[in-house]
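Structural features, examined
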Amino acid sequence: MVASLNSPLSAGVSSGAVSGAARDAVSDMSSDGSSGMPPSPASVPTTAGLKAVETPRPSAQRDPRPAVLLLHGLCANPLELMPLARTLRTAGYVVDAPALAGYGVSTEKETQGEKAPVTRFEDWLALALQHFDALAARHEQVVVGGLSMGSVLALAVSLRRPVAAQLLLSTSLHYDGWNVSPWRRLLPLAFVPPLRQWLSFREREPYGIKNERLRAWVAQAMASEHVSAAGADTLSAAALYQASRMIRFVRAGLPQIQAPTLILHASEDDVSGPRSVHELQSRLGTRPEQIEVHWFHHSYHMLTLDNERSAVAHAARDFLLSRVPVSASLLAHPISHLSPLAHRHNLTEETFHEQHA
């Protein structure tokens, strides 16, 4: 059964299957937020290149570069993290942005119109920890980050492992964005068995995206293929139930987390309003001077894909270079343009955001 309510995770989720239209939508966006003609097949991004985990090397051959584990949103695909992953790689970091089975929808089954069972949030965390441990076996320092529910999962990893730093984008500790349905308060009723096994919620515009051209592509992909780079067209109550359990787990443990933290959030986030940011600032065990907050005023929930995706990626890169730096001797191509954000870019729409220490 598909309810007509707007999904509480509006635009924060996407399926493991990524439609051709969705790939084109992301690939067709230039680094300054403009768009042009659809790309050639050779230029269409894939998620395969995002995964950096290899067979663990002996300790004598540990990679001196810091590693970054990036976690996609609920039922999402690593495609939504590609602009950020690419920027961090260019800066010299090893990046792993895996697709986590059971955290979303099986690509094969979704292609056949069948949705894979949603596993428990403890299983999501176990998979994320496996990827973290694989990176930690080869790197001295491992950073963890995520988008939307992926940020909550990243915080869960921080409760179980010593992370070097955290990148929290559009963190969804609360579903109180301007596009969340007022019926959201009744959602717990859908968690009662057996309702959560067959009830689902349909997405609606703007799908977490302020850029109108990209939003149109997303809408077309959802209508034709039921999934896009910005999210699936429906989200199961079972997935939301497990997400709510993980949120409770993380909120209870926030004072235990002490890693340096970067918080990136849209002032017009349609899924999660400022309350999530304020809770992170007030309840994280991290020292205040180790928490950095950036507000973006020309994007919605999907910060890594929307108008300010370049500024978002650069803010994350600069934060890591100051907290978990890459040795200049390890860079294949020295980076000479890593000056403060306001001086590095032209004063375009992408740079009009606020930074708070």
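Basis of the calculations
- Residues numbered from 1 in each chain as written.
- Predicted model: local features only at pLDDT ≥ 70, side-chain atom pairs only at ≥ 80, totals over all residues.
- Heavy atoms only, no water.
- Buried < 20%, exposed > 50% of the residue type's maximum accessible area, 1.4 Å probe, protein only.
- Helix = DSSP H or I, 4+ residues; strand = E, 2+ residues; numbered from the N terminus.
- Pairing = 2+ DSSP bridges.
- Contact = heavy atoms within 4.5 Å.
- Polar contact = N/O pair within 3.5 Å; in protein donor to acceptor, adjacent residues only side chain to side chain.

Brief notes about the pairing of strand β4 (residues 142-147)
Both faces of the sheet carry side chains from a regular strand, because those side chains alternate between them. Extensive coverage of β4 is indicated by the burial of six of its six residues. The side-chain alternation of β4 yields two buried faces, one formed by V142, V144 and G146 and the other by V143, G145 and L147. In this sheet, β4 lies alongside strand β2 (residues 67-71) in parallel orientation, the contact comprising five bridges. Pairing of A67 across the sheet is with V142, part of β4. Looking at chain direction, β4 and strand β5 (residues 166-169) are connected through four bridges and run parallel. Looking at β5, one finds that L147 is bridged to L169.

Some points on the environment of E279
Inspection of the secondary structure puts E279 in helix α10 (residues 274-283). Separated by 28 residues in sequence, E279 and R251 place their C-alpha atoms 8.8 Å apart. When sequence neighbours within four positions are dropped, the list of residues in contact with E279 reads L173, H174, R251, L254 and L284. Separated by 2.6 Å, the side chains of E279 and H174 make a polar contact.

Structural notes on helix α2 (residues 82-90)
Along α2, the residues that are buried comprise M82, P83, L84, A85, T87 and L88. Along its buried surface, α2 packs onto β2, β3 (94-96), β5 and α11 (309-323). The first or second residue beyond α2 is G92, which carries a positive phi of 110°.

Examining unusual backbone geometry
In this structure, S148 takes a positive phi of about 60° despite not being glycine. Position of S148 relative to the elements: it lies in the loop between β4 and α5 (149-158). On the accessibility criterion, S148 (1% relative accessible area) is buried. Positive phi, normally seen in glycine, also occurs at S170, with a value near 50°. One can find S170 in the loop between β5 and α6 (187-190).

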